[in-house]
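This is what each chain is made of:
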Amino acid sequence: MTRADLGKDPSQVSAMFDRVAAGYDRTNTVLSVGNAPLWRISTTRAVDPKAGERILDVAAGTGTSSASLAKSGASVVAADFSPGMIEVGRRRQAHVPNLVFVEADATALPFGDDEFDAVTISFGLRNVNEPKVALAEFLRVTKPGGRLVICEFSHPPAALVRAGYGFYQRYVMPPLVKLSSSNDTAYEYLNESIRAWPDQRALAGWLREAGWSQVEWRDLTLGVVALHRAVKPAAAQAE
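Residues numbered from 1 in each chain as written. Predicted model: local features only at pLDDT ≥ 70, side-chain atom pairs only at ≥ 80, totals over all residues. Heavy atoms only, no water.

Participant: Describe the sheet that holds strand β1 (residues 54-58), and please don't skip the residues or the numbers.
Facilitator: Read across the sheet, 7 strands follow the order β3-β2-β1-β4-β5-β7-β6 without closing on themselves; strand pairing throughout is mixed. The open sheet is flanked by β3 (99-103) and β6 (213-220), the only strands paired with a single partner. If you compare each strand with its neighbour and ignore which way they point, the axes differ by 15° on average. As judged from the 5 bridges shared by strand β2 (residues 75-80) and β3, these two strands associate in the parallel manner. Pairing of Ala-79 across the sheet is with Val-102, part of β3. Here helix α3 (residues 36-47) sits on the sheet and contacts β1, β4 (116-122), β5 (142-153), β6 and β7 (225-231); the angle it forms with β5, its principal contact strand, is near 165°. Each of β5, β6 and β7 touches helix α9 (residues 200-210); the most contacted strand, β6, lies at about 155° to it. (Pairing = 2+ DSSP bridges. Helix = DSSP H or I, 4+ residues; strand = E, 2+ residues; numbered from the N terminus. Axes fitted to C-alpha atoms, helices over the stretch in contact; angles between N-to-C directions. Contact = heavy atoms within 4.5 Å.)

Participant: Any chance you could break down a nonpolar patch on the surface for me, citing the residues and the numbers?
Facilitator: A cluster of nonpolar residues, Phe-167, Tyr-171 and Val-172, forms a patch on the protein surface that exposes about 320 Å² of accessible area. Mapped onto the fold, Phe-167 is located in helix α7 (residues 159-180). (Patch = residues over 30% accessible without salt bridge, like charges linked within 9 Å, V, L, I, M, F, W, Y side chains within 5 Å. Areas by Shrake-Rupley, 256 points an atom, 1.4 Å probe, with all protein chains shown as cover. Salt bridge = Lys/Arg side-chain N within 4 Å of Asp/Glu carboxyl O.)

Participant: Pulling in residues and values, what's your account of the pairing of β5?
Facilitator: For β5, the tally of buried residues reaches 9 of 12 residues, placing the bulk of the element in the interior. Taken together, the 6 bridges between β4 and β5 define a ladder with parallel strand orientation. Along β5, the bridge assignment pairs Thr-120 with Val-149. (Buried < 20%, exposed > 50% of the residue type's maximum accessible area, 1.4 Å probe, protein only.)

Participant: Tell me what's going on with the packing of helix α6 (residues 131-141) against α9, and back it up with residues and numbers.
Facilitator: Running from N to C, α6 and α9 point in directions that differ by 50°, and their axes come no closer than 9 Å. In terms of their interaxial angle, α6 and α9 are classed as oblique. Every pair of crossing elements has a handedness; the one defined by α6 and α9 is right-handed. Contact residues: Pro-131, Lys-132, Leu-135, Ala-136 and Leu-139 in α6; Trp-206, Leu-207, Glu-209 and Ala-210 in α9. When its residues are assigned to classes, the contact of α6 with α9 shows 7 nonpolar, no polar and 2 charged. (Parallel < 35°, antiparallel > 145°, perpendicular 65-115°, else oblique. Left-handed = near helix turned anticlockwise from the far one by under 90°. Nonpolar A, V, L, I, M, F, W, Y, C, P; charged D, E, K, R; others polar.)

Participant: Go over the packing of aromatic side chains with me, naming the residues and quoting the values.
Facilitator: Scanning the entire structure with this criterion turns up 6 aromatic pairs. Ring geometry for Phe-111 versus Phe-116: centroids 5.2 Å apart, planes at 90°, classification edge-to-face. Arranged with centres 4.8 Å apart and planes meeting at 45°, the rings of Phe-123 and Phe-153 form a pair that is tilted. In this pair, Phe-123 sits in the loop between β4 and α6 while Phe-153 sits in strand β5, placing the two residues 30 residues apart along the sequence. Note on Phe-153: relative accessible area 16%, which makes it buried. (Phe/Tyr/Trp six-rings, centres within 6.5 Å; stacked < 30°, edge-to-face > 60°.)

Participant: Provide a residue-level description of the pairing of β6, including the pertinent values.
Facilitator: Across 6 bridges, β6 lies against β7 in antiparallel orientation. Bridge pairing links Leu-220 to Val-225 in β7. The hairpin turn running from β6 into β7, its antiparallel successor, is 4 residues long, and Thr-221 in that turn takes a positive phi close to 50°.

Participant: Account for α3, with residues named and values stated.
Facilitator: For α3, which comprises 12 residues, the first-to-last C-alpha distance of 17 Å matches the rise-based estimate of 16 Å (1.5 Å per residue) to within 8%. Taken residue by residue, α3 has Ala-36, Trp-39, Ser-42, Thr-43, Thr-44, Ala-46 and Val-47 as its buried positions. Backbone geometry just downstream of α3 places Asp-48 in the positive-phi region, at approximately 55°. (Expected span 1.5 Å × (residues − 1).)

Participant: Describe α6, naming the residues involved and giving the relevant values.
Facilitator: Along α6, the residues classified as buried are Pro-131, Ala-134, Leu-135, Glu-137, Phe-138, Leu-139 and Val-141. Looking at the buried side of α6, the elements it contacts are β1, β4, β5 and α9.

Participant: Explain the pattern of salt bridges residue by residue, including any values.
Facilitator: Overall, the coordinates contain 10 salt bridges when judged by the stated rule. Notably, a salt bridge pairs Arg-140 with Asp-113, separated by 2.9 Å at the nearest N-O pair. On the criterion of sequence distance, the pair formed by Arg-140 in helix α6 and Asp-113 in the loop between β3 and β4 is long-range, its members being 27 residues apart. Assessed through its relative accessible area of 53%, Asp-113 is described here as exposed.

Below, the structure is given as structure tokens:
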């Protein structure tokens, strides 16, 4: 079975997602206890896509979140570094005319400066081997005044919730994965990556260091997931 480790070698992570692509959306719905669609709705509302805008959805996977954004009439680019995910996404979202898929690395995006009105990434930033580089790349391709929305697993601030979530990760999630996924060892990595990921305040600090302004976040599902938002300064300094 293919799985990555916390070194997050891009080729290993890409191969791992290739293996789980076909059942990825189903497994996510099961493991999130039905919350995945609600998180997607919250993310779409935070991005606030509008007709005529150009939006980049990074680590888009099979394009479920991208299709949600495209309903607004915005032109959406779904970028992912897993060819397997892109293949499944192109097939499943073939009916969405204003959505295109592009194979791309979040740390070296194949787009020009100031190209997108908004950039978003859902449950993908923690899988990038150099997330701070990715945040700088997101800034580069976003238009001045444009926005960034990150939806990612985080750390519940309440001790009781953290304990319950830890119990779920260790004892409930593994048997659910075995039932719903064709590659349960891949989800061992995903579980490890969630536990190793920084908390809400630390990620906000990374965003500010990368040059983003108006950084804020709000917790979803008691902090199991956090939604970070930021804006590219209208007069962004050229480095």
